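# Report on the structure
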Amino acid sequence: MTARANRIATLTDAAIELIADGGMRALTHRAVDGRAGMPPGTTSAYLRTRQALIEAVVGRLAERDRADLAHHDLPTGPPPPTGAPRLDGNDLDGLAVGVAEVLDRWLSTGRSRTLARYACLLEAVHRPELRGILQHGTGLRVQARDLLTRAGAADPERQGDQFVAFVDGLLFDRLVGAGALSAPQPGSAASRADLSTAVRTLLRALTGK
């Protein structure tokens, strides 16, 4: 990573924490400088406009999410060729555990990133010029389609998108919805087990396995 890339990563990580703490209203160039411990004017020198700052934040969120997925070694890559072995029930059990671990991380140690992600998406609803940030979510949908292809789903294109939508709804419910009132404490074994059961139920519904 270049010096410039390192500096932008430091600034955007600080911006993520600001958004998580105070919402989009808290996001200013001056505030990012302060949170990052940088001299005044540093953020505006690298990310001149608010739009550029928000887009950089979303890019950083996507980058760190990809790192989490890679860390848990979730299956990725192109769909298997015709006739290749499919994921069986045991594979899907393991996949559910892996997805649950990532979700639990996004609810606990990665909670700030999850809050910031939702805040940026809501900002894009009211600012059409920011709608491009939605493209950062396409990677997860491509991965889900590939996974559902490997699992032998009848319509992996459509069902892969549904899988992401359902899982995102589960994450939102546990983070800021009514689910937060009754779900196990994020970061605990109970939380990971509960999330794993939910994801496995979804995979069973989508694949019939």
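These remarks concern the structure in this document. (Residues numbered from 1 in each chain as written. Predicted model: local features only at pLDDT ≥ 70, side-chain atom pairs only at ≥ 80, totals over all residues. Heavy atoms only, no water.)

## A word on the packing of aromatic side chains
- Applying the stated criterion to the full structure yields one aromatic pair.
- Judged by centre distance (5.1 Å) and plane angle (85 degrees), the ring pair of Tyr118 and Phe172 falls under edge-to-face. Of the two residues, Tyr118 sits in helix H6 (residues 111-126) while Phe172 sits in helix H8 (residues 156-176), which places them 54 residues apart along the sequence.
- Exposure remark for Tyr118: the relative accessible area of 11% places this residue in the buried category.
- The ring of Trp106 has Arg117 lying over it, and the distance from NZ or CZ to the ring centre is 5.2 Å. (Phe/Tyr/Trp six-rings, centres within 6.5 Å; stacked < 30°, edge-to-face > 60°. Helix = DSSP H or I, 4+ residues; strand = E, 2+ residues; numbered from the N terminus. Buried < 20%, exposed > 50% of the residue type's maximum accessible area, 1.4 Å probe, protein only. Lys NZ or Arg CZ within 6 Å of the ring centre and 35° of its normal.)

## Quick notes on the side chain of Asp68
- The residue Asp68 is located in helix H4 (residues 50-71) in this model.
- Those residues within four positions of Asp68 in sequence are excluded, and the remaining contacts are Val102, Arg105, Trp106 and Arg113. (Contact = heavy atoms within 4.5 Å.)

## A closer look at the layout of surface pockets
- Volume-wise, the largest pocket comes out at about 850 Å³.
- Every residue lining the largest pocket is counted, 36 residues in all, and those nearest its centre are Trp106, Gly137, Leu140, Arg141 and Val164.
- Elements supplying a minimum of two residues to the lining of the largest pocket: H4, helix H5 (89-107), H6, helix H7 (138-150) and H8.
- Residue composition of the lining of the largest pocket, by class: 23 nonpolar, seven polar and six charged. (1 Å grid on protein atoms, 1.4 Å probe; cavity = no way out; pocket = protein on both sides within 12 Å on 5 of 7 lines; lining within 4 Å. Points joined across faces, edges and corners; volume = space filled by probe spheres on them. Nonpolar A, V, L, I, M, F, W, Y, C, P; charged D, E, K, R; others polar.)

## Quick word on the nonpolar core
- Within the largest apolar cluster, 29 residues are counted, with the highest numbers of intra-cluster contacts made by Leu103, Phe163, Val199 and Leu203.
- For this core, the secondary structure elements donating two or more residues are H5, H6, H7, H8 and helix H10 (189-207).
- It is H5 that provides the largest number of residues to this core, a total of nine residues.
- Setting aside its immediate chain neighbours within four residues, Phe163 contacts Val99, Ala144, Leu148, Val199, Leu202, Leu203 and Leu206. (Core = buried A, V, L, I, M, F, W, Y, C linked by side-chain atoms within 4.5 Å.)

## Details of the environment of Thr12
- Within the secondary structure layout, Thr12 lies in helix H1 (residues 3-22).
- In this structure the C-alpha to C-alpha distance between Thr12 and Glu55, which are 43 residues apart in sequence, comes to 9.7 Å.

## Examining H6
- Relative to the 22 Å expected for 16 residues at 1.5 Å per residue, H6 spans 24 Å between its end C-alpha atoms, a close match to the ideal helical length.
- Buried residues of H6: Arg113, Thr114, Leu115, Ala116, Arg117, Tyr118, Ala119, Cys120, Glu123 and Ala124, and no others. (Expected span 1.5 Å × (residues − 1).)

## As for H1
- Compared with an ideal rise of 1.5 Å per residue, which puts 20 residues at 28 Å, H1 spans 29 Å between its outermost C-alpha atoms and is within 8% of the ideal.
- Along H1, the residues that are buried comprise Ile8, Ala9, Leu11, Thr12, Ala14, Ala15, Ile16, Leu18, Ile19 and Ala20.
- On the buried face of H1, the contacting elements are helix H2 (29-36), helix H3 (42-46), H4 and H6.
- Trailing H1 by a residue or two, Gly23 shows a phi angle of about 75 degrees, which is positive.

## Details of the pattern of salt bridges
- Inspection of every chain in the model, using the stated rule, returns 18 salt bridges.
- With a shortest N-O distance of 2.8 Å, Arg105 and Asp68 are connected by a salt bridge. Taken together, the positions of Arg105 in helix H5 and Asp68 in helix H4 put the pair 37 residues apart, joining distant regions of the chain.
- Among the residues examined, Arg105 registers a relative accessible area of 35% and is labelled partly exposed.
- According to the relative accessible area criterion, Asp68 is buried, its value standing at 6%.
- In this structure, Arg145 engages Glu157 in a salt bridge whose closest nitrogen and oxygen atoms are separated by 3.9 Å. (Salt bridge = Lys/Arg side-chain N within 4 Å of Asp/Glu carboxyl O.)

Spatial relationships are all this shows, so hold off on functional conclusions.
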